[in-house]
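As a plain string of letters, each chain reads:
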Amino acid sequence: FPLEPIISNPQSVVQGDSATVSFDFTDGDADIGLDPGDTTGIHAPDSFYYYNIYLDYFEKDDVLGWIPGTDINGENVSFGYRIKPISVSENTEGISGRIDVSIEPTYRNSLSPESDTVMFKIRLIDRALNISNVLETDELIAQ
């Protein structure tokens, strides 16, 4: 596998107000995940690398198409997640697997008139700070 994470096969399921986004991954140097104590330096809470999974939020505008969803301050919304290190044997030359991310308590901005149909762009970051390719989920339609 390449040293940078490669993600594929995105799937999403809506469950009421929450949703689950899942994807497959490979990583050549098997360094996916952060320890709970990884919170200083490059992994400090105010750093981009504090999280190792990002789900960038988009809403479907009837005229403009996919637009970034924004918060009350007009900033683009991105959900950040930290997953723990994935255990591997000492001689492992790469890993692959599937990651499930729960978006709770709500996966969409119900105050936005465009939030009846949303999607996410997914990125995965390994401990060497290699960033994966970007995937898009299918449309998630409000129930």
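Scroll up a little and you will see the structure.
Calculation criteria
Residues numbered from 1 in each chain as written. Predicted model: local features only at pLDDT ≥ 70, side-chain atom pairs only at ≥ 80, totals over all residues. Heavy atoms only, no water. Phe/Tyr/Trp six-rings, centres within 6.5 Å; stacked < 30°, edge-to-face > 60°. Buried < 20%, exposed > 50% of the residue type's maximum accessible area, 1.4 Å probe, protein only. Lys NZ or Arg CZ within 6 Å of the ring centre and 35° of its normal. Pairing = 2+ DSSP bridges. Helix = DSSP H or I, 4+ residues; strand = E, 2+ residues; numbered from the N terminus. Axes fitted to C-alpha atoms, helices over the stretch in contact; angles between N-to-C directions. Core = buried A, V, L, I, M, F, W, Y, C linked by side-chain atoms within 4.5 Å. Contact = heavy atoms within 4.5 Å. Salt bridge = Lys/Arg side-chain N within 4 Å of Asp/Glu carboxyl O.

A.B. asks: Even after reading the chapter, I still don't get the packing of aromatic side chains, so can you show me in this structure?
C.D. replies: Any aromatic ring pair is given by two values, namely how distant the centres are and how the planes are angled relative to each other. One pass over the full model with this rule turns up seven aromatic pairs. Judged by centre distance (5.1 Å) and plane angle (85°), the ring pair of Phe-48 and Tyr-49 falls under edge-to-face. Taken together, a centroid distance of 4.7 Å and an interplanar angle of 5° make the contact between Phe-48 and Tyr-54 stacked. Using a relative accessible area of 8% as the deciding quantity, one classes Tyr-54 as buried. An aromatic cluster is defined as three or more aromatic residues linked by ring pairs; in this entry it consists of Phe-48, Tyr-49, Tyr-50, Tyr-51 and Tyr-54. For the cation-ring pair, Arg-82 lies above Tyr-50, with the distance from its terminal atom to the ring centre recorded as 4.3 Å. Sitting above the plane of the Phe-58 ring, Lys-121 keeps its charged end 4.8 Å from the centroid.

A.B. asks: Would you mind showing me how to read the sheet that holds strand E6 (residues 95–103) here?
C.D. replies: Each strand in a sheet pairs with its neighbour through backbone hydrogen bonds, running either in the same direction (parallel) or in the opposite one (antiparallel). Judged by pairing direction, the sheet is antiparallel, and its three strands sit side by side in the order E1-E2-E6 without closing on themselves. Since the sheet does not close on itself, it has two edges, and those belong to strand E1 (6–15) and E6, each with one partner. Neighbouring strand axes in the sheet, compared pairwise and without regard to direction, differ in orientation by 15° on average. Of the pairings in the sheet, the one linking strand E2 (residues 18–27) to E6 comprises nine bridges and is antiparallel in character. For Thr-20, the partnering residue across the bridge sits in E6 and is Ser-102.

A.B. asks: When you look at the nonpolar core in this model, what are you seeing that I'm missing?
C.D. replies: Across soluble globular proteins, nonpolar side chains show a tendency to be buried alongside one another. Judged by nonpolar contacts, the single largest core of 24 residues is most densely connected at Phe-23, Ile-53, Leu-55, Ile-99, Tyr-107, Phe-120 and Leu-124. Within the residue set of this core, elements represented by two or more residues are E1, E2, strand E3 (53–61), E6 and strand E7 (117–124). Look past the residues within four positions of Phe-23 in its chain and what remains in contact with it is Ile-7, Ser-8, Asn-9, Pro-10, Ile-53, Gly-97, Arg-98, Ile-99, Val-101, Ile-122 and Leu-124.

A.B. asks: When you look at the pattern of salt bridges in this model, what are you seeing that I'm missing?
C.D. replies: A pair can form between side chains of opposite charge whenever their charged atoms are brought close. Per the counting criterion, the structure on display carries four salt bridges. In this structure, Arg-98 and Asp-24 form a salt bridge, with 2.7 Å as the shortest nitrogen-oxygen distance. One end of the pair, Arg-98, is in strand E6; the other, Asp-24, is in strand E2, and 74 residues separate them in sequence. One salt bridge in this structure joins Asp-56 and Arg-123, with 3.0 Å as the shortest N-O distance. Taken together, the residues Asp-56 in strand E3 and Arg-123 in strand E7 connect sequence positions 67 residues apart. With a relative accessible area of 18%, Asp-56 lands in the buried category. Accessibility expressed as a relative area gives 18% for Arg-123, which makes it buried.

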